[in-house]
Structures are given as C-alpha cells and as structure tokens.
Amino acid sequence: MKIILSAIAISLFVTGCATAAMQTDTGKMLVARLEEDFSSKGPATMERMLNQDEVQKACSAYPLDMPDEQMEALQASQLKTVKYPADGNYLGVWKEGEKIAQNGRGMQSSDQVKGTNGGNCYACHQLAKEEISFGNIGPSLYRYGKLKGDGEAVVKYTWAKIYNSQAFTACSNMPRFGHSEILTEKQIKDVMALLFDKNSPVNQ
Amino acid sequence: MRLIASIFAALITMIPLQGFAGNSSTDEIAKYRQLLADGNPAELWEMRGEELWKKKIGPQSVSLEQCDLGKGPGVVKGAYVELPRYFKDVNKVMDLEQRLIHCRITLQKLTPEQAAAVPFGSTGNPSDIEALVAYITAASRGMKIAVSTTHPKEQAAYELGKRFFFYRAGAHDFACATCHSKDKQRIRLQELPNLLNRTDAQNTYSTWPAYRVSQGEVRSMQHRLSDCMRQQRFPEPRYASDTITALIMFMAKNAEGGVYDAPALKR
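Residues numbered from 1 in each chain as written. Chains lettered and ligands numbered in written order. Predicted model: local features only at pLDDT ≥ 70, side-chain atom pairs only at ≥ 80, totals over all residues. Heavy atoms only, no water.

1. Re the overall build of chain B
On a plain count of helices and strands, chain B comes out with eleven helices and eight strands. Put simply, chain B has 267 residues, and 55% of those count as buried. Expressed as a percentage of contacts within chain B between residues at least 6 apart in sequence, the contacts between residues at least 24 apart total 66%. Taken as a whole, chain B presents about 11,500 Å² of accessible surface, with 54% of it coming from carbon and sulfur. (Helix = DSSP H or I, 4+ residues; strand = E, 2+ residues; numbered from the N terminus. Buried < 20%, exposed > 50% of the residue type's maximum accessible area, 1.4 Å probe, protein only. Contact = heavy atoms within 4.5 Å. Areas by Shrake-Rupley, 256 points an atom, 1.4 Å probe, with all protein chains shown as cover.)

2. Overview of the confidence of the model for chain A
Confidence in the prediction for chain A averages 91 pLDDT; 89% of positions are at 70 or higher. Every residue in residues 8-18 of chain A is under pLDDT 50, and counting partners more than four places away or in other chains gives zero contacts. (pLDDT = per-residue confidence, 0-100.)

3. Concerning the packing of aromatic side chains
Enumeration over the complete set of coordinates arrives at 13 aromatic pairs over all chains. Residues Tyr90 of chain A and Trp159 of chain A carry aromatic rings whose centres are separated by 5.6 Å and whose planes lie at 90° to one another, so their mutual orientation is edge-to-face. Residue Tyr90 of chain A is found in the loop between helix H4 (68-79) and helix H5 (94-102), and its partner Trp159 of chain A is found in helix H7 (residues 152-163); the two are separated by 69 residues along the sequence. Residue Tyr90 of chain A shares its accessibility class with Trp159 of chain A, and that shared class is buried. Measuring from ring centre to ring centre gives 5.2 Å for Phe165 of chain B and Phe250 of chain B, while their planes differ by 50°; the resulting arrangement is tilted. (Phe/Tyr/Trp six-rings, centres within 6.5 Å; stacked < 30°, edge-to-face > 60°.)

4. A short note on helix H6 (residues 128-138) of chain B
All names here are of chain B. Counted residue by residue, H6 has ten buried out of eleven residues, so it is predominantly covered. Here H6 has its buried residues at Ile129, Glu130, Ala131, Leu132, Val133, Ala134, Tyr135, Ile136, Thr137 and Ala138. Elements that come into contact with the buried residues of H6 comprise helix H3 (42-54), helix H4 (96-106), helix H5 (112-115) and strand E6 (217-219). A side-chain oxygen of the first residue of H6 lies 3.2 Å from the backbone nitrogen of Ile129; this N-cap is Ser127. (Polar contact = N/O pair within 3.5 Å; in protein donor to acceptor, adjacent residues only side chain to side chain.)

5. Description of the interface of chain B and chain A
Counting from both sides, the interface comprises 37 residues of chain B and, opposite them, 52 residues of chain A. Between chain B and chain A, roughly 4,000 Å² of surface is buried when both sides are summed, and carbon and sulfur atoms account for 53% of that area. For chain B, the biggest contributors to the area lost against chain A are Tyr167, Arg168 and Arg188 of chain B; these three give 20% of the whole. Remark: the boundary between chain B and chain A carries five salt bridges. At the level of elements, helix H7 (152-165), helix H8 (176-180), strand E3 (185-187), helix H10 (221-231), strand E7 (236-237) and helix H11 (242-254) of chain B are the ones that each hand at least two residues to the side of chain B that touches chain A. (Buried area = accessible area lost by both parts, 1.4 Å probe. Salt bridge = Lys/Arg side-chain N within 4 Å of Asp/Glu carboxyl O.)

6. Description of the pattern of salt bridges
Applying the stated criterion to the full structure yields 25 salt bridges over all chains. In this structure, the salt-bridge partner of Arg33 of chain A is Glu36 of chain A, at a minimum N-O distance of 3.4 Å. On the criterion of helical spacing, the pair formed by Arg33 of chain A and Glu36 of chain A is a turn pair, its members being three residues apart in helix H1 (residues 2-37). Residue Asp150 of chain A pairs with Lys198 of chain A through a salt bridge whose shortest N-O separation is 4.0 Å. Residue Asp150 of chain A is found in the loop between helix H6 (144-148) and H7, and its partner Lys198 of chain A is found in the segment after helix H8 (185-196); the two are separated by 48 residues along the sequence. What makes Asp150 of chain A exposed here is its relative accessible area of 53%. Overall, Lys198 of chain A belongs to the exposed group, its relative accessible area being 66%. Three or more residues joined by partner-sharing salt bridges are found here, namely Arg33, Glu36 and Asp37 of chain A together with Lys92, Arg238 and Asp242 of chain B.

7. So, the sheet that holds strand E5 (residues 210-212) of chain B
All names here are of chain B. Here we have three strands laid out as an open sheet, ordered E6-E5-E8, and mixed in their pairing. Only two strands of the sheet have a single neighbouring strand rather than two, namely E6 and strand E8 (264-266). Strand-to-strand, the axes of this sheet are offset by a mean angle of 35°, without reference to chain direction. Note that E5 and E6 share three bridges and pair antiparallel. Paired with Tyr211 across the two strands is Val218, which belongs to E6. (Pairing = 2+ DSSP bridges. Axes fitted to C-alpha atoms, helices over the stretch in contact; angles between N-to-C directions.)

Encoded structure:
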C-alpha cells in the first residue's frame, strides 16, 4: 500500500515537474517568437511587449487562478508606485476630463509618438448619463461622486486606482494610467473632476 | 458580374451609415444581412479568387491548381476547416495564408516578396491574397471546423497560441484575454466574443474572413488579428507570422465542431 502511494506521489511529482517545465519552455519559445515576428511601430514598442514587469509576468502566468498570497504581495508592491499630486490638488476641470474619457487614442501602433493619449474610460465604464455608448468591462461610474462623497480617503483611493489599478485588484483589466505614463498628472486630475465635481454630468 | 456589383452598390447606398450606431449594433448588422438576403459582396472576391487560383502566372506560367492545402494537391473543398495544420514538406504548422504564399513561391516561382505582396487590399489596390482566401474558405462552407492537434508540432502551436492569448504586455497591460475571456462583455456598444466559450468561439471563427462594410474589403483572419494587436497596444506583427498562426490554431481548436459559414458579412 505504502509503495503504491509513494509510486503515485512520485508519478504526480514527475508529471507536475514536466508540466511546469513545459510551461516555462512554451513561455521562452513565445518570447523568442514574438521577438522575431513583431516590430516596433509608433508608440507601440518591442521593449514594452517583451519586457514584462512583475504584474504582467504574474498575470500572464496565472490568468485565472493566482494564489492569494501572490495577489496580495503584488498589490502591496504596486501601491508603493503611486505618486499623489505634489500640490495636493486632486481635482482639475471636468470638461477636460470628459474629453479624456471619450478619447480612445494613444499608444497604438497607428498613433503618433508622444501624441496626447486618451483615457478611453467609456470603452469600459458608464459615466455621464447622456453618453449611451459605454462598455461593461468595468463597473458603472454614473453618480460616482454623488454616491461616494468627496472625503479625503475616497478621493485618495480613486486617484490611486486610476494611477495604478493593480494596487487594489491584482490582474485588474484596467490600464495603469499614471504608472504606465498613459495619462499625465494634469489629465488624471481632470478625470478625477469628471468623477467628483458636483457640476460634472456624471453626478447629475 | 457587373450587374451583381451594381445591385450590391445600390443596396449599400440604401443603408444609412448612422444605422450602425443604434442601440445594438448587432441588431443593425442582422437587419443589413437580411436585406442582402443570400447575397454578400464577398462573392465578388470569391469569383476573382477562383480566377486567380486557375490563372497561369510567374516565370513558368503555372496556376495554383496543384497547390496542396493539406488534403492533397488541388483539393480546395474542405481544406480550410482543417487549417492550420502540420505540413510534412516544410516540417511546420501553417495557416491558410502562409500555405498560399508557400505555393506561390514553390509552384509559381514567385519571389517571397511577390508572393506576399499586398496582403491587405485597399481602394484601387486590390489584394490577390484576400481574393484567393475568399475562394478557398468559401469551399468549406457548411462543413465542421475540425483542426487536428495530434501532431506534436500542431500541439505545440496550440500551446503557443494559448500562451499568447493570455500574454499581458504593452503600455496598457492588455492580453487577448482582457476582452475575450468573459461572456457578454462590450467595448462601448461593440459586443466581444468570449473565445474560451465554445459557442462564442464557433460563432466567431466560423464567420471569418468577412466582407467588412466599414472597409469595403474582404478581410482575412490575419488582417483581423493584426488589427487586434494594434488595439491591444502591441507592436506590429509581420504578415503571415508563426505567432499569429499559433493564435489562429488556438482559436480554431476552441471553435471545433462549429459549422463554417464564411466569407461572412460584418460591420
């Protein structure tokens, strides 16, 4: 009995190793293939495709089932990257924020290098009620400020969430707008105003 | 031929374009399809593709009629639903477009540059490849998608494609899976197929290539996936690359058993 059990244990162990090794091999093969098959164009560079950071690496390896401890560790280390506005002002101009939320351009191979990027918020979120063309990958943000208030904690949290979504939900689908330098500090302030300003259409 | 073209042209001008920005773009497309009934401008590409398949070109004046798409030289019927597949003569897995280029080089003696010239057409600059793809895929209409992963290289291509599907990178941290691994998701109003869900995968894979109303061209799977890469903020894939073939292999396997129904008609 004991022999059978250890035989099973060994075979499981060997299978496990084989699978893990195969995965690593496929991973290495993939990077080698990508290097050969793709080339930088516009702002979409090979560097950003091939040199995955800790979040991209971990979320690629565990697309569905990352262990809890690893998720928590990722979130903690990503939270450290958040830069809050130096002047202490979190809210810009909501009208500018609305433009940024509508704009889906930026960082595509077809876009200008160093052009002005959009946030493309409506691709995934409901915001102003008037805009009926919104996606559903992210939660509705309609009445965000009205529902959440404008206390320091929620304002700082929201800033950090836009700056680096991975700080709160490891492997979130949302881009890290500040950390990945998609939006500038000023643009994030404008998007914040779209969410929190009492006059913003989001809060009507 | 010219008559058919003008009927299509007339039908297309009848459709106000803003119709596509309605509450559900999918409904509008359904109406458009109904209006065209059993006609689709892609038929013009299919006809041109058949002519090109039989046309003798190149320094030795040879047609593509002896091209082996996997079911033996010259067999077009049912070839596409079994692609991508392993080809012994090149010892690798190829998708339809890679194989076509291969035949244009080996049979018709075109240079690699000539063989892969104009992969994607535009107004005044039609693509022979898109026409050939339309002709070949149409010959699988009504048949079940049945790609094989029994050869180790087919299995490896599938695994590579799967790995790539989940590979997050670039400025926006996107993978294919970001938009295509959950049911009923949308970008704005555009519905996104969940390519891990068999029904969605079948409905999607069985309807490419397609005549795209917004572009006025028949677009191949290579074209579709190149455009995904752009939206994913990835760099540009080389035309007919092995990475894209691996991704097609992953998608085709997920769509196994679906009834092939293309070239289709899309927005």
